[in-house]
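Survey of secondary and tertiary structure
Read off the chains here:
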Amino acid sequence: MENFRKESDFLGELQVPINAYYGVQTQRAINNFKISGQLLSSYPEFIKGLAFVKKAAAKTNYELGLLPEALNVKIAEACDELLEGQFHDQFPIDMIQGGAGTSVNMNANEVIANRVLEKLGKEKGDYQFCSPNDHINLSQSTNDAYPTAIKLALLQMNERLVEKVISIVDAFRKKGVEFQEVIKMGRTQLQDAVPMTLGQEFEAFAANLEEDIEKLNNNAKLFVEVNMGATAIGTGLNAPLGYAKLCAENLAQISGYPIVSAANLVEATPDTGSYVIYSSAMKRLAVKLSKICNDLRLLTSGPRAGLAEINLPPMQPGSSIMPGKVNPVIPEVVNQVCFKVIGNDLTVTFAAEAGQLQLNVMEPVLCHAIMENIHFLCNAIDTLRDKCVVGITANKEACLNMVKHSIGIVTALNPYIGYKNSTKIAKEALETGKSVYDLVLEHELLTQQKLDEILDPAHMLTPHNF
């Protein structure tokens, strides 16, 4: 008993660890929600988002004459500590919970209130001097504070994700330059197509992912519109006149993001459209990453009975029974992360659709799915870049040998001998095993000099005049 203090709410008394900065409502959430094992403290940007909200709310309440200056100063100090990364261990509740985020909001309210009490020389839990509800939550509801904190968290997390995408684009682009002289066969439908360079293939990977930087940033811009001042359902009950606009201005100044107040707070309070569109951008990125990883696994297949055009860095033994086997484990793990991201996007879709009337109570799982996706993607991209892409090498001779023996180079002859003759040569090459080169000369369709010029692999890499 000496290690606990008693706190109470309208459900009754509950013991709280004596040194905890959180209080009774957080303790109830700890007891009630043992779901994902991923805690609020796992996502520091979320805690910082809550700190931005509570600091801006206190400043707004002070400027509107509702909060004493002394409390505003101490609340700001406590929030700044959270923004610096302190006391994050005091957010021990599960990310997935009932209550539409009330537990998260109260966790922040209680931690900040008890830290303020400590600064005032009072005991934790002595809420007559600084109350989680009456002071920290003043002019707010969970229904405006919680989604605003989520959006501020996602704005921060998007910056980190974009940095990771930029880093892997750079890594692929460097490989594109390194491999620009490596001639190989391009393929469509897993069949020989026309020659290209390995550098073009890797530059295409870079360009493909680079497109998603703008998509992520554009979709994240939707998070700057917040519903602070909406309180419970958007009518602004218990918030003073002018609170919504002033609080958004204070949030912008404090956070550094261009936060604006939603034009219609009743509409904005249950609206989850911004989460849906941002999640779709992450799904798009995941689909592209997974496709690229599929390509890397195909290109490194072998080493003797596959394409074997590239070598991935060997990371670990690949079999408990087959000596010498090395698997493409890094692309494989990134594939699996991408599947998880795609699945979480469906969770976001269901959660967004499940809102009723003036509130969407499914925001906790929606929030968790998006934040988990960002966390997974950042780690997966780092892993793919550092443990795979930067160490890839090319098998130049194998690539060139496949070009020389490919039926696909007959495509280059179409403008010179016609589609019908090209088809005839391709068919005969397949049936006889003879090379395209020898058959064209045998049928006297072109001179050797002209044929050498046309079938020079480098000649087929870019458009040209016939």
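The following paragraphs examine the structure supplied in this document. (Residues numbered from 1 in each chain as written. Predicted model: local features only at pLDDT ≥ 70, side-chain atom pairs only at ≥ 80, totals over all residues. Heavy atoms only, no water.)

Regarding the environment of Ser280
To be explicit about the condition: Note on conventions: DSSP H or I runs of at least 4 residues are helices, E runs of at least 2 residues are strands, and numbering of each starts at the N terminus. Residue contacts are counted whenever heavy atoms from the two residues lie within 4.5 Å of one another.
Positionally, Ser280 belongs in helix 10 (residues 273-299). Sequence spacing of Ser280 and Met185 is 95 residues, and the spatial spacing of their C-alpha atoms is 34 Å. Not counting residues within four places of it along the chain, the set of residues in contact with Ser280 comprises Asn219 and Asp345.

Brief notes about the nonpolar core
This is how it is decided: Each nonpolar core is a collection of buried residues, namely Ala, Val, Leu, Ile, Met, Phe, Trp, Tyr and Cys, held together in the definition by side-chain atoms within 4.5 Å. Three exposure classes are used, based on accessible area relative to the maximum for each residue type with a 1.4 Å probe and protein chains only: buried under 20%, partly exposed in between, and exposed over 50%.
If you look at the biggest cluster of nonpolar residues, it comprises 113 residues, and the most contacted ones within it are Phe46, Leu161, Met371 and Leu384. Sort the elements by how many residues they give to this core and helix 6 (residues 142-178) lands first, with 16 residues. Listed in part, the 19 residues of the second largest apolar core include Ala412, Val436, Leu455 and Leu461.

Thoughts on the packing of helix 6 against helix 7 (residues 198-220)
To characterise two packed helices, one gives the angle between the axes of the helices and the distance between these axes. Using the following cut-off: Whenever a helix is involved, its axis is fitted only over the stretch in contact; in every case the axis is a line through C-alpha atoms, and angles between N-to-C directions fall within 0 to 180 degrees. Angle categories are assigned with fixed cut-offs, so that under 35 degrees is roughly parallel, over 145 is roughly antiparallel, 65 to 115 is roughly perpendicular, and the rest are oblique. Left-handed describes a crossing in which the near helix is turned anticlockwise from the far one by less than a right angle; the clockwise case is right-handed.
Between helix 6 and helix 7, the shortest axis-to-axis distance is 8 Å and the interhelical angle comes to 165°. On the basis of the axis angle, helix 6 is roughly antiparallel to helix 7. Helix 7 is crossed by helix 6, and the crossing has left-handed handedness. Listed contacts from helix 7 to Leu155, Asn158, Leu161, Val162, Val165, Ile166, Ile168, Val169, Phe172, Arg173, Lys175 and Gly176 of helix 6 are Gly199, Phe202, Glu203, Phe205, Ala206, Ala207, Leu209, Glu210, Ile213, Leu216, Asn217 and Ala220.

Re empty space enclosed by the protein
In plain terms, the rule: Cavity means a closed set of points on a 1 Å grid over the protein atoms alone, one where a 1.4 Å probe fits but cannot get out, pocket means an open set with protein on both sides within 12 Å along at least 5 of 7 lines, and lining means a residue has an atom within 4 Å of a point. Grid points are joined across faces, edges and corners, and a volume is the space filled by probe spheres set on the points. Following the grouping adopted for this structure description, the nonpolar residues are Ala, Val, Leu, Ile, Met, Phe, Trp, Tyr, Cys and Pro, the charged ones are Asp, Glu, Lys and Arg, and the polar ones are all others, Gly among them.
Scanning the model with the defined rule gives one cavity of 30 Å³ or more in all. Considered as a void within the structure, the largest cavity measures approximately 40 Å³ in volume. Forming the walls of the largest cavity are Leu312, Pro313, Met315, Asn327, Pro328, Val329, Ile330, Pro331, Lys387 and Cys388. In terms of residue count, helix 11 (residues 329-353) provides more of the lining of the largest cavity than any other element does, three residues in total. In terms of residue class, the lining of the largest cavity is made up of eight nonpolar, one polar and one charged.

With respect to the pairing of strand 4 (residues 191-197)
We apply this condition: Following DSSP output, two strands are said to pair if at least two bridges run between them.
Where strand 3 (residues 183-188) and strand 4 come together, five bridges link them in antiparallel fashion. Directly across from Arg187, in strand 4, lies its bridge partner Asp192. Between strand 3 and strand 4, which pair antiparallel and follow one another directly, the connecting turn spans two residues, one of which, Gln189, has a positive phi of 55°.

Description of helix 6
Here is the rule we go by: To estimate how far a helix should reach, multiply one less than its number of residues by 1.5 Å. Under the rule applied, a polar contact is a pair of N or O atoms within 3.5 Å (in protein, one hydrogen donor and one hydrogen acceptor; residues adjacent in sequence only if both atoms are side-chain atoms).
Taking 1.5 Å per residue as the helical rise, helix 6 with its 37 residues ought to reach 54 Å, and the 53 Å between its terminal C-alpha atoms agrees with that figure. Across the 37 residues that make up helix 6, a large majority, 27, are buried. Its side-chain oxygen placed 3.0 Å from the backbone nitrogen of Asn143, Ser141 serves as the N-cap of helix 6.

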